[in-house]
Amino acid sequence: MSTDDVAEQILRTFDTITVVGASANPAKPSNGVPALMKSLGWRIIPVNPTAETIVGEAVYPALADVPEQVDFVDVFRPSADCPQIAREAVAAGAKALWLQLGITSPEARAIAEEAGLLYVEDRCLKIEQQRTGITPKR
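As named in an unreviewed UniProt entry, the protein is Succinate--CoA ligase, taken from Gordonia jacobaea.

In structure tokens, the structure reads:
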């Protein structure tokens, strides 16, 4: 399956996005992208150890602290952090892992794919949503 196909499958399948590295700073893409996705109808669960509220949502310090099933993890963290995030996503029972534009990790890819997760890297969620026009099924 091509990366375009995987990106579209993720956008069509999941209506909640758990955003690791979400930022409270509206000037950063790690705030603007989740804010846009929320405005289009996705539910956003921000993960950031230093914030309390991001895009109007309660923030959890780590993936393991999210008190519900985590399905789709979107990552705004440096590539070097991604293998650990992939392990945490697998441990949380995630079904999809997406590394934002400019973020790649062969190790994270291997961890995710070995566990059967859908995987996208080096793609912007906002750009892919605009390219496809997909919105949540809610």
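Caption draft 1: The overall build of the protein, seen in detail. The secondary structure content of the protein amounts to five helices and seven strands. In the protein, the succession of α and β elements from N to C terminus is α-β-α-β-β-β-β-α-β-α-β-α. A globule of 138 residues ought to have a C-alpha radius of gyration of about 14 Å, and the protein, at 13 Å, matches this closely. Dimensions of the protein along its principal axes, counting C-alpha atoms only, are 35 × 30 × 25 Å. Going through the 138 residues of the protein one by one, you find that 46% of them count as buried. Sequence separation of 24 or more characterises 60% of the internal contacts of the protein that already satisfy a separation of 6 or more.

Caption draft 2: Here's a closer look at the pairing of strand S2 (residues 43–47). Burial of S2 is extensive: four of the five residues sit out of reach of the surface. As paired strands, strand S1 (residues 16–20) and S2 are joined by five bridges and run parallel to one another. If you follow Val20 over to S2, its bridge partner there is Val47. At this point the chain moves from S1, through helix H2 (residues 29–39), to the parallel S2, and the crossover so formed is right-handed.

Caption draft 3: Local environment of the sheet that holds strand S7 (residues 118–120). Read across the sheet, five strands follow the order S2-S1-S5-S6-S7 without closing on themselves; strand pairing throughout is parallel. Each edge of the open sheet is held by one strand with a lone partner, namely S2 and S7. Each strand axis lies, on average, 20° off the axis of its neighbour in the sheet, ignoring direction. Strand direction decides the pairing type here: strand S6 (residues 96–99) and S7, joined by three bridges, are parallel. Across the sheet, the residue bridging to Ala96 is Leu118, located in S7.

Caption draft 4: Geometry of the packing of aromatic side chains. One pass over the full model with this rule turns up two aromatic pairs. Between Phe14 and Phe72, the aromatic rings sit 6.0 Å apart at their centres with planes inclined by 40°, giving tilted as the arrangement. With Phe14 in the loop between helix H1 (3–13) and S1 and Phe72 in strand S5 (residues 72–75), this pair connects stretches of sequence that are 58 residues apart. This pair shows no difference in class: Phe14 is buried, exactly as Phe72 is. Arranged with centres 6.1 Å apart and planes meeting at 50°, the rings of Phe72 and Trp98 form a pair that is tilted. Separated by 26 residues along the polypeptide, Phe72 in strand S5 and Trp98 in strand S6 bring together distant segments of the chain. Just as Phe72 is buried, Trp98 falls in that class too.

Definitions and cut-offs
- Residues numbered from 1 in each chain as written.
- Predicted model: local features only at pLDDT ≥ 70, side-chain atom pairs only at ≥ 80, totals over all residues.
- Heavy atoms only, no water.
- Helix = DSSP H or I, 4+ residues; strand = E, 2+ residues; numbered from the N terminus.
- Rg over C-alpha atoms; globule rule 2.2 N^0.38 Å.
- Buried < 20%, exposed > 50% of the residue type's maximum accessible area, 1.4 Å probe, protein only.
- Contact = heavy atoms within 4.5 Å.
- Pairing = 2+ DSSP bridges.
- Right-handed = clockwise from strand over helix to strand, strands pointing away.
- Axes fitted to C-alpha atoms, helices over the stretch in contact; angles between N-to-C directions.
- Phe/Tyr/Trp six-rings, centres within 6.5 Å; stacked < 30°, edge-to-face > 60°.

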